[in-house]
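# Structural features, examined
Letter by letter, the chains look like this.
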Number of protein chains: 2
Amino acid sequence: MSTDTPVAIAPEVDEHIAAAVTAAGGRLVDLDDAEVLVWLGGNDDFPTLPDAVRWVALRLAGIEAFIDAGIIDDRRQWTNASGFYAENVAEHALALLLAGLRRIPVAVRDGWDKGAIDPAVRSVHGSTVGIVGAGGIGRSLIPRLRACGAQVIAVNHSGRPVDGAERTVPADRVAEVWSQVDHVVIAAPSTAQTRHIVDADALAALPSHAWVVNVARGTLVDQAALLDAVRSGAIAGAALDVTDPEPPTPDDPILHEPGIIVTPHVANPSSGLTRTLAPWIAENLRRFRAGDELLSTVRPGSRW
Amino acid sequence: MSTDTPVAIAPEVDEHIAAAVTAAGGRLVDLDDAEVLVWLGGNDDFPTLPDAVRWVALRLAGIEAFIDAGIIDDRRQWTNASGFYAENVAEHALALLLAGLRRIPVAVRDGWDKGAIDPAVRSVHGSTVGIVGAGGIGRSLIPRLRACGAQVIAVNHSGRPVDGAERTVPADRVAEVWSQVDHVVIAAPSTAQTRHIVDADALAALPSHAWVVNVARGTLVDQAALLDAVRSGAIAGAALDVTDPEPPTPDDPILHEPGIIVTPHVANPSSGLTRTLAPWIAENLRRFRAGDELLSTVRPGSRW
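Residue positions are counted from 1 within each chain, in the order its sequence is given. Whichever chain is written first is A, and whichever ligand is written first is 1; the rest continue in order. Only residues with pLDDT of 70 or above have their local features reported here, since the model is predicted, and side-chain atom pairs are shown and tallied only from 80 upward, although totals for entire chains, interfaces and linings are computed over all residues.

### A few points about the overall build of chain A
- Here a strand is any run of E in DSSP of at least two residues, a helix any run of H or I of at least four, and the numbering for each starts at the N terminus. Within chain A, the secondary structure is distributed over nine helices and 13 strands.
- Along the three orthogonal principal directions, the C-alpha set of chain A runs to about 65 × 45 × 35 Å.
- With C-beta atoms placed from the backbone, a residue is buried if 20 or more other C-beta atoms are within 10 Å of its own, exposed if 12 or fewer are, and partly exposed between those counts. Counting all 304 residues of chain A, 49% fall into the buried class.
- Contacts spanning at least 24 positions in sequence make up 58% of the contacts within chain A whose residues lie at least 6 apart. Here contacts are defined at the residue level, using C-beta atoms placed from the backbone and a cut-off of 7 Å between them.

### As for the sheet that holds strand E13 (residues 297-298) of chain B
- Taken together, the six strands give an open sheet; going across it, the order is E2-E1-E3-E4-E5-E13 (chain B), and neighbouring strands pair in mixed fashion. Two strands lie at the open edges of the sheet, namely strand E2 (26-28) and E13 of chain B, each paired on one side alone. Strands are labelled as partners when DSSP assigns at least two bridges between them.

### Re the relation of the copies chain B and chain A
- Least-squares superposition of the copies uses the C-alpha atoms of those residues scoring a pLDDT of at least 70 in each of them. The transform that puts chain B on chain A rotates by 180° and translates by 0.0 Å along the axis, for an RMSD of 0.1 Å. Here the symmetry operator amounts to a two-fold rotation axis.
- When the interface residues of chain B are mapped onto chain A, 100% of them again lie at the interface, so the same face is used by both copies.

### Some thoughts on the sheet that holds strand E8 (residues 167-170) of chain A
All names here are of chain A.
- Read across the sheet, seven strands follow the order E8-E7-E6-E9-E10-E11-E12 without closing on themselves; strand pairing throughout is parallel. Both outer strands of the open sheet, E8 and strand E12 (260-262), are each paired with one neighbouring strand and no more. Here the strands of the sheet are splayed against their neighbours by 15° on average, with no regard to which way each runs.
- With four bridges joining them, strand E7 (residues 151-156) and E8 adopt parallel strand pairing. Paired with Asn156 across the two strands is Pro170, which belongs to E8.
- Fitted lines through C-alpha atoms serve as axes, helices being fitted only where they are in contact, and the angles separating the N-to-C directions of these axes extend from 0 to 180 degrees. In the packing of helix H3 (residues 82-101) onto the sheet, the strands contacted are strand E9 (183-186), strand E10 (211-214), strand E11 (237-240) and E12, and the crossing angle to E10 comes to about 155°.

### Points about helix H9 (residues 273-290) of chain A
All names here are of chain A.
- When the terminal C-alpha atoms of H9 are compared, their 26 Å separation across 18 residues agrees well with the 26 Å that a helix rising 1.5 Å per residue should span.
- Two axes enter the definition of the bend at a residue: one is fitted to the seven residues ending there, the other to the seven starting there, and the bend is the angle between them. Most pronounced at Pro279, the bend in H9 amounts to some 30°.
- Where H9 terminates, the next one or two residues include Gly291, which has phi positive at roughly 75°. By this rule, a helix spans an expected 1.5 Å times one less than how many residues it contains.

### A look at the packing of helix H1 (residues 15-23) of chain A against H9 of chain A
All names here are of chain A.
- Two elements in contact, H1 and H9, have axes separated by 8 Å at closest approach and are oriented at 25°. With respect to H9, the axis of H1 lies roughly parallel. For the pair H1 and H9, the sense of crossing is right-handed. Across the interface between the two elements, His16, Ile17, Ala19, Ala20, Val21 and Ala23 of H1 pack against Thr274, Arg275, Ala278, Pro279, Ile281, Ala282 and Leu285 of H9.
- Residue polarity is assigned by list, with Asp, Glu, Lys and Arg as charged and Ala, Val, Leu, Ile, Met, Phe, Trp, Tyr, Cys and Pro as nonpolar; anything else, Gly included, falls into the polar class. In terms of residue class, the contact of H1 with H9 is made up of ten nonpolar, two polar and one charged. For this classification, under 35 degrees means roughly parallel, over 145 means roughly antiparallel, 65 to 115 means roughly perpendicular, and everything else is oblique. Left-handed describes a crossing in which the near helix is turned anticlockwise from the far one by less than a right angle; the clockwise case is right-handed.

### Looking at helix H1 (residues 15-23) of chain B
Residue and element names in this part refer to chain B.
- What H1 keeps buried is the set Ile17, Ala20 and Val21. Axial view of H1: buried residues confined to an arc of 100°, hence all on one face.
- At the C-terminal side of H1, Gly25 shows a positive phi close to 100°. Starting at the helix axis, one direction is taken to each C-beta atom, and the arc is that of these directions.

### Structural notes on the packing of H3 of chain A against helix H6 (residues 136-147) of chain A
Residues and elements named next belong to chain A.
- Axis separation between H3 and H6 bottoms out at 8 Å; the angle between their running directions is 55°. One way to sum up the angle between H3 and H6 is to call them oblique. Along this stretch, H3 crosses H6, giving a crossing that reads as right-handed. On H6, the residues touching Ser82, Gly83, Ala86, Glu87, Val89, Ala90, Ala93 and Leu94 of H3 are Gly136, Ile137, Ser140, Leu141 and Arg144.

### Some remarks on the interface of chain B and chain A
- Taken together, the contact pairs 46 residues of chain B with 46 residues of chain A.
- It is helix H3 (residues 82-101) of chain B that provides the largest number of residues to the side of chain B that touches chain A, a total of eight residues.
- Residues belonging to the side of chain B that touches chain A are distributed by class as follows: 25 nonpolar, 13 polar and eight charged.

### Some remarks on the pairing of E9 of chain A
Residues and elements named next belong to chain A.
- By the alternation rule, side chains of E9 split into His183 and Val185 and Val184 and Ile186, which are all buried.
- Bridge count between E9 and E10: three bridges; the pairing is parallel. Looking at the pairing, Ile186 lines up with Asn214 of E10.
- Each parallel crossover has a hand, and the one from E9 via helix H7 (residues 200-205) to E10 is right-handed. The definition of a right-handed crossover adopted here requires that, viewed with the strands pointing away, the path from the first strand over the helix to the second runs clockwise.

### Notes on the domain arrangement of chain A
- For every domain, the bounds stem from an assignment made automatically or drawn from a database. Annotation of chain A at the domain level lists domain 1 (5-83 + 271-298) and domain 2 (122-262).
- Domain 1 of chain A and domain 2 of chain A are separated by 34 Å when their C-alpha centres are compared.

### Considerations on the environment of Arg286 of chain A
Residue and element names in this part refer to chain A.
- Mapped onto the elements of the fold, Arg286 is located in helix H9.
- For Arg286, a count of 16 C-beta atoms within 10 Å puts it in the partly exposed group.
- Sequence separation between Arg286 and Gly100 is 186 residues, and the spatial gap between their C-alpha atoms is 39 Å.

### Examining the pairing of strand E4 (residues 55-58) of chain A
Residue and element names in this part refer to chain A.
- Going residue by residue along E4, you find Trp55 and Ala57 tucked away on one face and Val56 and Leu58 tucked away on the opposite face as well.
- In this structure, strand E3 (residues 36-39) lies alongside E4, joined through four bridges in parallel fashion. The residue bridging Leu37 from the neighbouring strand is Val56, located in E4.
- Two elements, E4 and strand E5 (residues 77-79), share three bridges in a ladder whose sense is parallel. In the strand pairing of E5, Val56 is matched with Trp78.

Now the structure itself:
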């Protein structure tokens, strides 16, 4: 392309996004002169768009409020950051699973106790991991697990085969999956149907070397049953980025059980967001300039 | 294949290996009747081999002692388990890097401190990782990192391009790599040339958000300089499966610095080995029966 693309960043210009936009062929302008708007705010103060704006990049993953407010129109392209967030959360899920299998928290707490730690270390390599919920997060996790030498059994609503999964099972048959996997990652939306999808029966069916990872919502796991299962040795451990209730009270046993790792809902950290989001915005600007399909396109009436 | 392959497991039959061999089309026999020997012992009590043995599978990665004792001959195939160990150590390196970036040890120590942890969480996604040493471990790590959305700059002796690396730099130019990467994983052999390859100058050249991971040998890192760099904020942290000296004394500051994760040389755990090694042996037996090339073949005079 010979000319720069005029891009507005609002409501305030952010240094990381600005640098990425410039590097990707954008030129920073006010909204009145813009062809692209990178909107870093919420829906309340969303501006009236000039007709010349052909693409609006929203920084959020869940954009129900924008849809409900009638902001998303069909006169231009709209993108959110759901793909970016999915990659980020999938990475955290892998980090939690590996930390558990490799007994990193035990080493952090107990020091150089090779006699105790060495026999307890396990590999994800050669294992089968069940992923409950094959939306963006689950689908981002699959290639990571496969590169680590694991097989994946995916569980989704329809049972429609998921790329990269050895097998896909519909949610109404999830009960048959627990005994067929070594470990399980929960990445499904929170609904009436998924509440306590990991319950006492599921935990009893999992193998005793199993790790349970939850990066979705705390309510998908029966936390009392999970504590019982870890304490009794029915499963090897759990690694949770979400809890029920959340935040947990300081005396919640979930925070004090050595076999359970808890991170404070940081799979998709809200701080420092624009720094990590910037390369994603740049990639989409390159695609926009080349006329290629944009990542994470949103359409009017879309539901997440 | 219509008939089972006669396989001896010695000096003692191991249940995990036996189950894997049977599942892969083997039939357990004494050495006198064997076509394949899975040898789980050392070199001292290695038996005289019947001519009918066409393949010997050793369970070790480093087999210098077998070579020095003249045990490895050219009358049959020999394999070791270097590929298996490389996968295992690469997995541990990824686990350490992700645990550091995702601040899992901080969460383990400090509990649900979202205000402190959220701003500190980083992603390997979108980063560039330098791998110093592109032998089996380094080459096993590359596809894992790429699946996580990272780029790799490899450093090896020759500078000959390594598959999957964005760029390969010869070891004598390693100094130029430090400022070009976000994080670095040390996976090179311990030699006079690699001693303290991560020294004060290297640490000063790395970006302040860098994590240093060492799964090779403790002597490759100048540990005093590393402590200084972490304490001063010159780098973000270090995650070490090996130390200098090893084991560290209980009062070694390396064990008590919050920005440093230490696991007790368990990247390739010696306990429970046959359980995790079994699928690897099974895969090689399937290849043997199909006439395919075996994994981790060893030849007389090989050097590791």
